Structures are given as structure tokens and as C-alpha cells.
Amino acid sequence: MIHRRSRRVAAVLISGALVAAACGGDDGDEPEAESTPTEVEAEPEATDADEPATSDEPETGGDDPPPSTAAPLEDADQITSEGEGSDDASLEPVPGGEITWGLTNDGTGFDTTGAVAPGSIRIISALNDSLAGLDIEGNWVPNLAQSIEPNDDYTVWTITTRPGVVFHDGEPVDGPAVAANLNAFKASPTAGFSFAPVTSITAVDDSTVEIVMSSPWAQFPQSLVSQAGWMVSPSTIGTNDTFIGTGPFMLESWTPGDGARIVKNPNYWRADEGLPYLDAVNFKFLPDQTVRRQAFDAGDLQGYLSPGDEDIVDFLEDDDVDVWIGTAGANEYLWLLNTTAPPFDDIRVRRAMAHAIDKQFIIDNFRSGLTTPANGPWNPSSKFYSENDYPQFDPAAAQALVDEYEAEVGPIEFELSIEPNPSVIEVAEVMMSFLADVGIEGSLKEIGQGQSAITALQDDYQAFSWFQFGAPDPDREYTFFHSSGGLLNWSNLVSADIDAGFDKGRVNVDEDIRREGYAQVLKALGDEVPMLWVDHLNGVEAVVTIPELHGIGVSLTLPDGSPALAMTDGAFFAWTGAWIEQ
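Residues numbered from 1 in each chain as written. Predicted model: local features only at pLDDT ≥ 70, side-chain atom pairs only at ≥ 80, totals over all residues. Heavy atoms only, no water.

Draft legend 1. Geometry of the environment of G97. By secondary structure assignment, the location of G97 is in the loop between α1 (4–20) and β1 (98–103). Leaving out residues up to four positions away in the same chain, G97 has contacts with L278, D279, A280, I580 and Q582. (Helix = DSSP H or I, 4+ residues; strand = E, 2+ residues; numbered from the N terminus. Contact = heavy atoms within 4.5 Å.)

Structure below.
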């Protein structure tokens, strides 16, 4: 049994002792990790880049592009689910049955044009098919849409709808319905920033939608993989208490603070493939990972999201439990720093904090060594990853910057906004202790469960405990860093280098040129430190299931016959292929 509070206190005390000795080793304490990402699924925004290159006239830089660090997204050398559920491929799926599944966060509703909370996204993923999907290499492919085609310079995209597909209420998923959804998304005061280069969205006929851009957007379909690509019945666009989508399951009930029940969609557009298999899924909101573990052990859950790090280690050795760990990107744990609010409007403070925090200590003591240190938003397994000069653990360098700042301005104090998740608070308190050792005094400001995205959009914070990023394609992160991102540019940093790098990645299709752009972004993020990076959560973004539950964490087949990415950043997977032995 885990005794959370005593461990938190012990971890803080131990941290102070070890930091004083400049040590980041494992002291044998029993830390636990939290892999409850705060996914913010608002889509990236475009910009009017100056004379952007096209695929025909690629933009080139004076320097050679950085070498590719590309690796297969499903990298066998990373921690994977090898050996877990290994009999899945040889078993014939059985239709029927229902399960109960543990979630980490409550939802706040289902309005596809607003800021969607993580708990809502977990449910929506079973109620919805996006216009585009991801293949096993992370490339976009048509999914709900039959085709998505650009013109020669990527300023006009044409979406053709798939014939015969209907929403849960029987209304057709046709050109006017798709245009209505995309126009509502563009008009959204929160999410619409990401469609800034879109000048018009028009239903040309009953099956065709034309999207016209003010500038080339070669990666536009990546934006249709998530929120912008979610389609709901036109009469329900903008409603928050229900979700009338196109997915394999339909929302039967949702009780805020408790859970939701979804049932099989008998008119699913892939029903002729026998999909989905389950009759129903009951979601239970259980923010405390210890409670989730207890419910699973008691047989009340057939699976759950975000096990603790020690639980993962235990379960990987347990034949009675299957563990599924995504390797295709991952969220990062970080702190957002509001660069327009004191004291973080001074780069010396931001760099001092980065120098003060021993990331490896966090990984060793709160992740069981399962994660890797982060210096930016992309994992080393990404083909767009490159090294940068992000400040590393150096208490002396941190102290020098603090002394210089305080001599001119005064003491450094700040508030960290954070959701009331015990294990995340544990980590934050230890990070606070590192900062205190160099004279930076922080305090926690708890906000409501599931309120991170909404609170951040209000821009009323100094620092924010955060989980995000790691999308297979960096273009999906555009809005969160680009100066044109409006409310979604979380740190409010304006950097010409970051803007230029993201623009280069957006308007080009040549991967060498795109890597060059994203290397420029990573370098600027390392220099400017608008965020305090802790770790890539590859090793702990996981789900666990009973062995009798199958089809989770395995690649399904996309409509075009290609294998789909089995699990994306945040341990998202398709419920379509889940089935349980009867």
C-alpha cells in the first residue's frame, strides 16, 4: 500500500539534503510518478509567413540541415509493451460485453469549439472519428474523410466526404456538415487561432468542402487529426452537455465528477468490419492513482489510465496484468512561465530556475527511472529532434543569476498554478525545494480539477504545472509557441527565431528543410527558456488491463488498409478494436 503524504514529506526532506550535496541519486525512497497529462487539443495556428516557400520552390537556408535523428515511432529499443498481450494477434475478437475503465481527470463538457478538458477528450476519443488519422509512421491519412487533397502550392485543400456515413442522430456527414463544423471551429474565440491562415471554408456540393488559405499550409491535414477534425451533428455544434459524433460508441450518460457511460453505435460506418466489438464502456473518474490501483486490484476496473511508475514496474513482471506503453512521442512534464509577468519577464530568473532544478533527481525518485530528461517539446525518438543549449543542473550558476537579479530588483517570489492531483503536487513541491536552495521562493496556487486549459487561456498566472506536447508532427504545436498564437501562445514569448522556424516547418514538405526549421525552434527555446522542461513521459504514459481485455495498444487498420499508430502521446488509443473474452 502506498502512503502518499508520508512519501511526499520524505521526498521533500530528502531532496533538500541531496541538493545541498549536489546529488541526484536514488536514496531508496518510494517515489511515484504521475502520468496524467494535461492534453490541450486546440490545434496549431498558421501565420502569414513572409514569402513562404512551396513544395515546388522549397525554402533553403544557408546552413546544412541538421542530421536526421529519425527513428521508427514504434522503437523496439524503448520501453514498450513487448510480451504484454502477445497473444492478441492470434485470437479472434469476440463481440459483446462491457467494461469499466478508470480515468484520471473529470471532463468539463463536449463543446468541440472550446477549450476541451483532458477528461472530456478521453471520452470523445471513443465517440468520434477525426477527418484524418495517423499511420504507424505518424503520417496523416484520410480517416473519416474519403480524401483530403491540396492544390499545387498548398493554398487550397479539398475534403471529400465518405458516402453513407451518418452521425449518431442519423444526420448525414456530408459537405455542408463538415463545412459547418470547420467554420464553427475557425470562429471560436479560443481554438480559432489555429485556423488563422484559413480565409474561407465552403461546401462546394453535398460531398465536397474547399478550404482556402492565405498562405501555404503543407501540413494542414495534421490539424484534422484532433479537435479541428472532430465532426458533430450540425444541430449540436457548440453544445457542451452532449456529443453527437460519428464514432464507434454513443454517449448514453455523463455525470460530472463521477463518470460516463458509452454504448455501441449500431450504425457505425465501419460496422461491416464487425466494429466496434464492445457493447458498452463505463468510465470512472478516479484522480488518485492509488485509488485507481485499488479499484483495479479489487476487480472493479478492467483497465485504467496512468498507473504509477512503481505499479508499471510491478505489472510488467505480472502475467495477470497487461501494460501498454506508447512509444510514438509522449507528453512532457514542464512548468509554463508567463514571460510577460514578473519575475519571469527577466530571462535571468528563467535561466536560474532551469539551472536550479535537478531533472534526473525527479526521474530517479518520481518516475522509477522510466522517463528521460527533456530540453524541449520533442522527444529524441522524433525525426525532428535536435540538441540545444537548454540550461542544465548547475546550482552555482543558478545562485549567481539569482544574486545578480536580487541586487537590482529584489527577492524572487512566485505562484505556481496547479490542479489538485496529489502525485503532481509531490513533484512540484520537490522542484520548489530545489529553487528554495538558491533563494527562489515559490508557493502553490491550486485550481479546480480539469481547469488548467481554461485558466491558462485567461492568462492569469505566473507559472503553471503542465503536461503537453510530443505530437508526432511538430506543426501541431505551432500555435502554442508562435507569436501569432494569441491566447494559445502559453508563455507569451515573442521570438523571431521561433516564428521563423515554425513557419519553415509549416510551409515545406521536404523533411530536411523542416528539420532545419524545428532545430531553429529548439535552439531558441533553449536560449530563451519560456518553459521549465522536466521529462519526456514515454515510459510512464501507459494503460494497464486485465489479460482478458484485448485490442488496446495494438495497431488497427485504417480505412485505406494501412496500419494505424497504436497509441499516441498521452496513451491515447482507439476504442474501436477493444474486445473482452466472454
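Draft legend 2. Structural context of the sheet that holds strand β5 (residues 156–161). Strands sit in the order β4-β5-β7-β6 across an open sheet of four strands; the sheet is antiparallel. Edge positions in the sheet fall to β4 (145–150) and β6 (198–205), since each of these pairs with one other strand and no more. Averaged over all pairs of adjacent strands, the angle between their axes in this sheet comes to 15°, without regard to strand direction. Pairing between β6 and strand β7 (residues 208–213): six bridges, direction antiparallel. What sits directly across from V198, in β7, is M213. (Pairing = 2+ DSSP bridges. Axes fitted to C-alpha atoms, helices over the stretch in contact; angles between N-to-C directions.)

Draft legend 3. View of the pattern of salt bridges. Overall, the coordinates contain 18 salt bridges when judged by the stated rule. The shortest N-O distance in the salt bridge between K284 and D258 comes to 2.7 Å. In this pair, K284 sits in strand β10 (residues 280–285) while D258 sits in the loop between β8 (249–255) and β9 (259–264), placing the two residues 26 residues apart along the sequence. Of the residues examined, K284 reaches a relative accessible area of 30% and is grouped as partly exposed. For D258, a relative accessible area of 35% gives the class partly exposed. A salt bridge links K383 to E511, with the shortest nitrogen-to-oxygen separation between them at 2.6 Å. Taken together, the positions of K383 in the loop between β14 (372–373) and α8 (395–408) and E511 in helix α13 (residues 511–528) put the pair 128 residues apart, joining distant regions of the chain. (Salt bridge = Lys/Arg side-chain N within 4 Å of Asp/Glu carboxyl O. Buried < 20%, exposed > 50% of the residue type's maximum accessible area, 1.4 Å probe, protein only.)

Draft legend 4. The sheet that holds strand β12 (residues 322–325), seen in detail. The strand order β8-β9-β10-β1-β11-β19-β12 describes an open sheet built from seven strands, whose pairing is mixed. Only two strands of the sheet have a single neighbouring strand rather than two, namely β8 and β12. For this sheet, the mean angle separating the axes of adjacent strands, direction not counted, is 20°. In the sheet, β1 pairs with β10 via six bridges, with the strands oriented parallel. Bridged to I99 within β10 is V281.

Draft legend 5. Molecular detail of the pairing of β5. Pairing of β4 with β5 involves five bridges; the strand directions are antiparallel. In the sheet register, A145 faces β5, and the bridge partner there is T161. The loop that links β4 with its antiparallel partner β5 comprises five residues; one of these, Y154, has a positive phi angle of about 65°. Pairing of β5 with β7 involves five bridges; the strand directions are antiparallel. Counterpart to T160 in the pairing with β7 is T208.

Draft legend 6. Representation of the pairing of β12 within the structure. The alternating pattern of β12 places D322 and W324 and V323 and I325 on opposite faces, both of which are buried. Two elements, β12 and strand β19 (residues 542–545), share four bridges in a ladder whose sense is antiparallel. Looking at the pairing, V323 lines up with V544 of β19.

Draft legend 7. Focus on the packing of helix α12 (residues 496–507) against α13. The contact between α12 and α13 brings their axes to 7 Å, and the two run at 160°. Relative to α13, the element α12 lies roughly antiparallel. Pair α12 / α13 crosses with left-handed handedness. Two secondary-structure elements touch here, α12 through D497, I498, A500, G501, F502, K504, G505 and R506 and α13 through I513, R514, E516, G517, Y518, Q520, V521, A524 and L525. Per-class residue counts for the contact of α12 with α13 are eight nonpolar, four polar and five charged. (Parallel < 35°, antiparallel > 145°, perpendicular 65-115°, else oblique. Left-handed = near helix turned anticlockwise from the far one by under 90°. Nonpolar A, V, L, I, M, F, W, Y, C, P; charged D, E, K, R; others polar.)

Draft legend 8. A look at the nonpolar core. Counting 80 residues, the largest nonpolar core has Y333, W335, M353, F414 and W490 as its most contacted members. Ranked by residue count, the leading element in this core is helix α9 (residues 422–436), at nine residues. The next biggest cluster of nonpolar side chains, apart from the first, holds 38 residues, and it includes F185, A191, F195 and V225. (Core = buried A, V, L, I, M, F, W, Y, C linked by side-chain atoms within 4.5 Å.)

Draft legend 9. Structural view of the packing of aromatic side chains. Per the counting criterion, the structure on display carries 33 aromatic pairs. Ring centres of W378 and Y518 lie 5.4 Å apart, and the angle between their planes is 65°; on these two criteria the pair is classed as edge-to-face. Taken together, the positions of W378 in the loop between β14 and α8 and Y518 in helix α13 put the pair 140 residues apart, joining distant regions of the chain. This pair shows no difference in class: W378 is buried, exactly as Y518 is. For the ring pair F393 and F434, a centre distance of 6.2 Å and an interplane angle of 75° mean the geometry is edge-to-face. (Phe/Tyr/Trp six-rings, centres within 6.5 Å; stacked < 30°, edge-to-face > 60°.)

Draft legend 10. Helix α2 (residues 118–127), seen in detail. Burial analysis of α2 places nine of its ten residues in the buried class, which makes it a mostly covered element. Among the residues making up α2, those that are buried are P118, G119, S120, I121, R122, I123, I124, A126 and L127. Close packing links the buried residues of α2 with β1, β8, β9, β10 and β11 (303–305).

Draft legend 11. Unusual backbone geometry, seen in detail. The step from L275 to P276 runs through a cis peptide bond, and the omega angle for that step is -10°. Assignment of secondary structure puts P276 in the loop between β9 and β10. Backbone torsion omega between P342 and P343 reads 0°, so that peptide bond is classified as cis. Structurally, P343 is set in the loop between β13 (332–337) and α6 (347–356). At D459, a position not held by glycine, the phi torsion is positive, near 65°. Secondary-structure assignment places D459 in the loop between α10 (452–457) and β17 (463–468). Accessibility expressed as a relative area gives 31% for D459, which makes it partly exposed.

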